[in-house]
Amino acid sequence: RIRSHAIARGGEHAMAHALTPCASSSSSAAAAAARGRGAGRARAMASVGAKYSSLGCRGVFAGDARGRDGGGWCARVQRGDYIAREASAVRSPAEVINFEGLQLEMDESGAERVKLQVEGWKRWTWRGYECNYISAGENNDGPIVTLVHGFGAHSYHWRYTIPALARAGYRVYALCMLGYGWSPKVEEEYSMELWGQQVIDFSREVAGATAEDKTFIAGNSIGALAALYAASTAPDSCKGLILVNSAGNFEPDAAPGPEKKTLAQQAVGNADDQGGDTIMDKLRETFGRVTATGIFYFTKVRIKTILQQVYEFDVDDDLVKSIDLAAQDPGAIGTFYQLSLAGSRTKIKPSDLLRDWTGPLMLLWGEKDPWMTPTKAQRILEIKPNAKYVPVLGGHCPHDDCPTASSDAMKAFFADVGA
């Protein structure tokens, strides 16, 4: 049998149409097929658009691809479009697959992903801390790919991307940044500069990136900013950059730090106001810590609800469990307080980093994202008109929400840049 995965369902963002003049499809049959139902699913996917072969997206049905001024391009995957999975033997979702020592499994739709391990994966010592990471295809001949997660996530969030790229010949490394996932929960002075430097060090020390053997770097949400920092600060070891629903304010006059402060960020205030010796300073910090603790517990019991708000497809229990595991760490509450101050500690502007990066750039965008809408992608494209823009009908984390489309788009970008 040939397993299939639908990458689109539901309605369209009006702004997405402003970004790219592609035709829309809105049939209820397509929506049903996107949920994996309907007897005509296989027949719908039999139609393949040959003109999309350059995108590396096998089995694209309908849609459009048009050139952008300045050499960039946009590959729009519309509602009702499908990307077929590679043919494979039907496996039980519970069956464990050993891939070069990495345990994989098939999800209920037949997609291959990393199997959740409560104890985590490999370790790398950075500034005295034992940080976690996942790797696959280390002995492959293809380019290096470094993957950077977003806020509250971890290396396991790239669970679909890791095997997809490794099986395609790439050397894949996904980091748990300090303070997240299976990496230590410590009260450090977190900032985008700190995480960006960690990505640089990880790509060189663990992935082995050099001036002669550079790495592609892909980051999601705030991980996209860490990836952007790494690429623009250390271009000598970066081959190309992928921003996946990037956080950050890219307006020209925007100040450093978060575009819009979260409730926790508002509660803790600015890093410059913390750590003073006066009574008011201590009261301010105590209030911030108590408030952050309350928000932490309120968020902890709503993990699945929050994820579902920014995912287009259903969120599975393993993803929820993986995030809850990190929240159970004894140091998680203090870390959450410090993470909430990271934005006010960040001094560099995203727009400056973007202008500094002169290498290949792709924007992989889940256009159903309620947080980082396509308007942000449009702003980035105004700064970098040659960037390749690939929207998919997923949410804030398209690499996990619609993994086949996302992995295929990444492989196409890598092939376009060249070895």
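Procedures and definitions
Sequence order sets the numbering: in each chain, residues are counted from 1 along the sequence as written. The predicted origin of the model limits local features to residues at a pLDDT of at least 70 and limits the giving and counting of side-chain atom pairs to 80 or more, whereas totals for whole chains, interfaces and linings rest on all residues. Only hydrogens and water are removed before side-chain values are computed, so all heavy atoms of the structure are retained for them. Every helix listed is a DSSP run of H or I at least four residues long, and every strand listed is a run of E at least two residues long, numbered separately from the N terminus. Residue exposure (1.4 Å probe, protein chains only): buried if accessible area is under 20% of the type maximum, exposed if over 50%, otherwise partly exposed. Residue contacts are defined here by distance: any two heavy atoms, one from each residue, within 4.5 Å place the two residues in contact. Aromatic rings from Phe, Tyr and Trp, with only the six-membered ring used for Trp, were paired whenever their centres fell within 6.5 Å, and each pair was classed as stacked if the ring planes differed by under 30 degrees, edge-to-face if by over 60, and tilted otherwise. Only strands joined by at least two bridges in the DSSP assignment are considered to pair. Axis lines are fitted to C-alpha atoms, over the contacting stretch for helices. Their N-to-C directions set the angle, which ranges from 0 to 180 degrees. Salt bridge, as used here, is a side-chain nitrogen of Lys or Arg placed within 4 Å of a carboxyl oxygen of Asp or Glu. Here pLDDT means the predictor's own confidence in every residue, given as a number from 0 to 100. Neither His nor the chain termini are counted; the positive set is Lys and Arg, and the negative set is Asp and Glu. We define a polar contact as two N or O atoms separated by no more than 3.5 Å, with the added condition that, inside protein, one atom must be a possible hydrogen donor and the other a possible acceptor, whereas residues neighbouring each other in sequence contribute only through side-chain atom pairs. Less than a right angle of anticlockwise turn of the near helix away from the far helix marks a crossing as left-handed, whereas a clockwise turn marks it as right-handed. Gly is placed with the polar residues, together with every amino acid not listed as nonpolar (Ala, Val, Leu, Ile, Met, Phe, Trp, Tyr, Cys and Pro) or charged (Asp, Glu, Lys and Arg).

Student: Break down the overall build of the chain for me, citing the residues and quoting the values.
Tutor: Along the chain, the regular secondary structure elements total 16 helices and 15 strands. When burial is assessed residue by residue, the chain has 58% of its 419 residues classed as buried. Restricting the contact set of the chain to residue pairs at least 6 apart, pairs at least 24 apart contribute 75%.

Student: An account of helix α14 (residues 374-383) is requested, with residue identities and associated values reported.
Tutor: Most of α14 sits out of view: 7 of its 10 residues are buried. Along α14, the residues classified as buried are P374, K376, A377, R379, I380, L381 and I383.

Student: Can you break down the packing of aromatic side chains residue by residue, with the values?
Tutor: Each pair of aromatic rings is reported with the distance of its centres and the angle of its planes. Summed over all chains, the structure comprises 14 aromatic pairs. Considering the side-chain rings of W121 and Y156, the 5.9 Å spacing of their centres and the 10° angle between planes classify their relative orientation as stacked. In this pair, W121 is assigned in the loop between β7 (112-114) and β8 (122-126) and Y156 in the loop between β10 (144-148) and α4 (161-167), connecting sequence segments 35 residues apart. Accessibility assignment for this pair places W121 and Y156 in one class, buried. Pairing W121 with W182 gives two aromatic rings, centres 4.9 Å apart and planes at 80°, and the pair type is edge-to-face. Highlighted residues: W121 in the loop between β7 and β8 and W182 in the loop between β11 (171-175) and α5 (192-205), separated in sequence by 61 residues. Here W121 matches W182 in class, with each residue buried.

Student: Which residues make up the sheet that holds strand β6 (residues 102-106), and what are the values?
Tutor: Strand order in this open sheet of 3 strands is β5-β6-β7, and the pairing throughout is antiparallel. The open sheet is flanked by β5 (96-99) and β7, the only strands paired with a single partner. When the angles between neighbouring strand axes are averaged without regard to direction, this sheet yields 40°.

Student: Which residues make up the pairing of β6, and what values do they have?
Tutor: Regular strands have side chains that alternate between both faces of the sheet. Among the 5 residues that make up β6, 4 are buried, leaving the element largely enclosed by the rest of the structure. Direction of pairing for β6 relative to β7: antiparallel, over a ladder of 3 bridges. Following the sheet pairing, M106 is matched in β7 by E112. The hairpin formed by β6 and β7 contains 5 residues between the paired strands, and G110 there has a positive phi angle of roughly 95°.

Student: A description of the pattern of salt bridges should follow, citing residues and the corresponding values.
Tutor: Within the structure shown, the criterion is met by 15 salt bridges. Close ionic contact of E112 with R167 constitutes a salt bridge, the shortest N to O distance being 2.6 Å. Highlighted residues: E112 in strand β7 and R167 in helix α4, separated in sequence by 55 residues. Taking the shortest distance from any N to any O, the salt bridge between K300 and D324 comes out at 3.1 Å. Taken together, the residues span a long stretch of sequence, with K300 in helix α8 (residues 279-300) and D324 in helix α10 (residues 317-327) at a distance of 24 residues.

Student: Just give me the short version of the confidence of the model for the chain, but keep the residues and values in it.
Tutor: On average, residues of the chain carry a pLDDT of 79, and 72% of them reach 70 or more. Scored below 50 in pLDDT, residues 1-90 makes 187 contacts in the model with residues more than four places away or belonging to other chains.

Student: So, the side chain of D201: which residues are in play, and what are the values?
Tutor: By secondary structure assignment, the location of D201 is in helix α5. No salt bridge is formed by the buried D201. Its closest oppositely charged neighbour is R127, at 4.8 Å. In this structure the side chain of D201 is engaged in a polar contact, spanning 2.8 Å, whose partner is the side chain of W126. If near-sequence neighbours (up to four positions away) are discounted, D201 is found in contact with W124, W126 and V206.

Student: Describe in detail the packing of α5 against helix α6 (residues 222-233), supporting the description with residues and values.
Tutor: α6 packs onto α5 with a crossing angle of 65° between their chain directions and a minimal axis gap of 8 Å. Both α5 and α6 take part in a crossing whose hand is right-handed. Across from M192, E193, W195, G196, Q197, V199 and I200 in α5, the residues of α6 making contact are I222, L225, A226, Y229, A230 and T233. Of the residues assigned to the contact of α5 with α6, the class counts are 9 nonpolar, 3 polar and 1 charged.

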